[in-house]
Amino acid sequence: MTTATASLSSPDTVELFKKYVIGNYNRYPVNLVRGEGSLVWDAEGNRYLDFFPGWGCNLLGHCPPHVVQAVQEQVATLIHVPNTWHMDVQGQWAQMLSERSFGGQAFFCNSGAEANEAAIKLARLHGQGKYKIITFTGGFHGRTLGALTATAQPKYHEGLGPLVAGFLYAPYGDLGAATKLVDDETCAILVEPIQGEGGVQIPPAGFLAGLRKLCDKHGLLLMFDEVQTGCGRTGHWFAYQKFGVEPDVMTLAKALCGGIAGGALLARPDVGKSLRPGMHAATFGGNPIAARAGIATLEVIEREGLLEQAKLLGERFAKKFKGLQAECDLIREVRVAGVMIGIELAVDGAAVVKDCLSRKLLVNCTHGNVIRLLPAMNLTEEQADEGCEILADVIRTLPRG
Ligand SMILES: *Cc1c(COP(=O)(O)O)cnc(C)c1O
């Protein structure tokens, strides 16, 4: 038996994974060992500029000091107690989220998929027999069976049927199609106010407001999956505020706890009461460590004016890549909402990610041809410019398919 030691080389780490870790992810052959802000280092001492820290979870960058301190304090005080008790920090966290959104009540869990499962169950319970939920093509709601069925992308369903009954899909942005799917058994509409995995798709004007009207007319719950867009990503606390359309239910995870695992569902109080004792639970949900990290994350964003900073950074990225689009026909469209940035290419984006990695810039490609950047809100302007230069250079010199 061996025990964990100081960091292994990248190749040795890859060997460990080959033997002992299930290969369900495509991983770069790099062992990352340390992070600070928007920089991260591998075992060989290479430094990377991270435009995709933690797949969107590290909205304040790596190891944000105020979050680190809060977690360190909490872990030495009370690590975990079950939800059969009250915990002041969970209550305070819920209050902070509620006051920054639509005055709802919280249910806490540990991930985005779990938050959406809670939303699906809540919608059915609230529906009292109505069970159908409308979702949208290109969406992403997580990998558990319910959340996966809500995810209308066939590639994620392969080999897993039969899926959960009662989900209907409309094309994203198509209000007419969604309207046609509503019947007497529909209880809710679940939608990302901006699609993330689907390629940073910003809905057409009036779409979300139209869904709100549709829900009001038929007594459906409007549920926004803000797992990726929430907590300041778009320059607003929550993306729904950008569009001025309020949901009845909202799900959060990813950046919620500044890099610590955590998820939440917020619901209007009259809706949330449908989750009665015994109907739903998450053992680790809202644990003191996640709560302290969640509170600290909100505090940093507020204290450092990062919502405004995210907007400014977004404008900087938009200017840069719209400028590049004017001179480079490989860029089809640039879609930006705060520090949520999609650059749609006319060609496959895998080579861009690979070339950026070799130049020590971490970016993501989603939906085949959309370069997705989810940089930290506290990325410096110098870091933004440094990374944009590299990415622009890589795109400019792409071989033409
Ligand atoms: C990432 C994501 C999820 C799933 O979150 P997990 O924490 O991986 O379960 C759900 N919805 C959206 C919009 C996401 O971006």
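Attention here is on the structure that accompanies the text. Worth saying up front: this structure is predicted, and the values here are computed from it rather than measured.

Reading the values: the criteria
- Residues numbered from 1 in each chain as written.
- Predicted model: local features only at pLDDT ≥ 70, side-chain atom pairs only at ≥ 80, totals over all residues.
- Heavy atoms only, no water.
- Salt bridge = Lys/Arg side-chain N within 4 Å of Asp/Glu carboxyl O.
- Buried < 20%, exposed > 50% of the residue type's maximum accessible area, 1.4 Å probe, protein only.
- Helix = DSSP H or I, 4+ residues; strand = E, 2+ residues; numbered from the N terminus.
- Pairing = 2+ DSSP bridges.
- Contact = heavy atoms within 4.5 Å.
- Axes fitted to C-alpha atoms, helices over the stretch in contact; angles between N-to-C directions.
- Expected span 1.5 Å × (residues − 1).
- Arc of directions from axis to C-beta.

### Description of the pattern of salt bridges
So, point 1. In the structure shown here, the tally under the stated rule is 21 salt bridges.
So, point 2. The salt bridge involving Arg34 is made with Glu36; its shortest N-O contact spans 3.7 Å.
So, point 3. Classification of Arg34 as partly exposed rests on a relative accessible area of 45%.
So, point 4. In this structure, the salt-bridge partner of Glu327 is Arg396, at a minimum N-O distance of 3.2 Å. Of this pair, Glu327 sits in helix α12 (residues 306-327) while Arg396 is found in helix α14 (residues 381-396), placing the two residues 69 residues apart along the sequence.
So, point 5. When its relative accessible area of 36% is taken as the criterion, Arg396 is described as partly exposed.
So, point 6. Taken together, the shared-partner salt bridges in this structure form one network comprising Arg212, Asp216, Asp248, Arg268 and Asp270.

### Quick notes on the sheet that holds strand β2 (residues 39-42)
So, point 1. Strands sit in the order β1-β2-β3-β13 across an open sheet of four strands; the sheet is mixed. Looking along the sheet, the strands with just one partner apiece sit at the ends: β1 (32-36) and β13 (361-362).
So, point 2. Relative to β2, β1 runs antiparallel, the two sharing four bridges. Within the sheet, the bridge partner assigned to Gly35 lies in β2 and is Val40.
So, point 3. Docked against the sheet, α14 engages β2, β3 (47-50) and β13, running at close to 95° with respect to β3.

### Some remarks on α12
So, point 1. Taking 1.5 Å per residue, 22 residues should reach 32 Å; α12 reaches 32 Å between its end C-alpha atoms and fits that length.
So, point 2. Of all the residues in α12, the buried ones are Leu306, Leu307, Ala310, Leu313, Gly314, Phe317, Ala318, Phe321 and Leu324. The buried residues of α12 all sit within an arc of 140° when viewed along its axis, so they share a single face. Those residues of α12 that are exposed and angled more than 90 degrees off the buried face are Glu315, Lys319, Ala326 and Glu327.
So, point 3. Buried residues in α12 make contact with α11 (288-303), β11 (331-337), β12 (340-345), β15 (370-373) and α14.

### Focus on the pairing of strand β5 (residues 132-136)
So, point 1. Most of β5 sits inside the fold, with five of its five residues counted as buried.
So, point 2. Sheet topology places β5 next to strand β7 (residues 186-191); three bridges connect them, and they run parallel. Across the sheet, residue Ile133 finds its bridge partner in β7, namely Ala188.
So, point 3. Taken together, the four bridges between β5 and strand β6 (residues 167-170) define a ladder with parallel strand orientation. Bridge pairing links Ile133 to Phe167 in β6.

In short, geometric facts, not functional conclusions.
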